[in-house]
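Architecture and fold: a report
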Amino acid sequence: MLLLECPYCGVKAEETELSPGYEAHLKRYGPGSTDEEFEAYMFARKNPKGVHFERWRHTYGCGKWFLAARCTATLEVFGTYPAQVGEPPAEIIEKIKARRPDWKGYK
Ligand SMILES: [Zn+2]
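In this report, the structure presented in the accompanying data block is examined. (Residues numbered from 1 in each chain as written. Predicted model: local features only at pLDDT ≥ 70, side-chain atom pairs only at ≥ 80, totals over all residues. Heavy atoms only, no water.)

1. Let's talk about the pairing of strand E5 (residues 65–71)
- Within E5, six of the seven residues are buried, leaving the element largely enclosed by the surrounding structure.
- Bridge count between strand E4 (residues 51–57) and E5: seven bridges; the pairing is antiparallel. By the bridge assignment, Phe53 is partnered in E5 with Ala69.
- Where E5 hands over to strand E6 (residues 77–82), the hairpin turn is made up of five residues, of which Leu75 adopts a positive phi near 65°. (Buried < 20%, exposed > 50% of the residue type's maximum accessible area, 1.4 Å probe, protein only. Helix = DSSP H or I, 4+ residues; strand = E, 2+ residues; numbered from the N terminus. Pairing = 2+ DSSP bridges.)

The structure is reproduced here in structure tokens:
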């Protein structure tokens, strides 16, 4: 079972209380971008077996969007943080590096 703590209301929510928003920290492209950049933004998504950064919505709670860092293979959660944050917090990066020394980063 996947449990994610909502960074807004502090509730440890089960996956059934949440809605997935898929990959976090996407670089958005719009008018003025190349066709390849826009196509990659629209369709290309990471699907790692391991550390992944995702968007989640606390649908049956406060209703707010937040971001989570977790392992897709083990469901280990490294942390959650508000969706308005542009980069993962340093403490979450350090926690991932401590637990996964071979991790290459999120970009
Ligand atoms: Zn919440």
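2. Examining unusual backbone geometry
- You will see that Tyr22, though not glycine, has its phi angle at about 70°, which is positive.
- Its identity as a non-glycine residue notwithstanding, Leu75 has a phi of 65°, on the positive side.
- Looking at the secondary structure, you find Leu75 in the loop between E5 and E6.
- Leu75 gets classed as partly exposed once you look at its relative accessible area, which sits at 34%.

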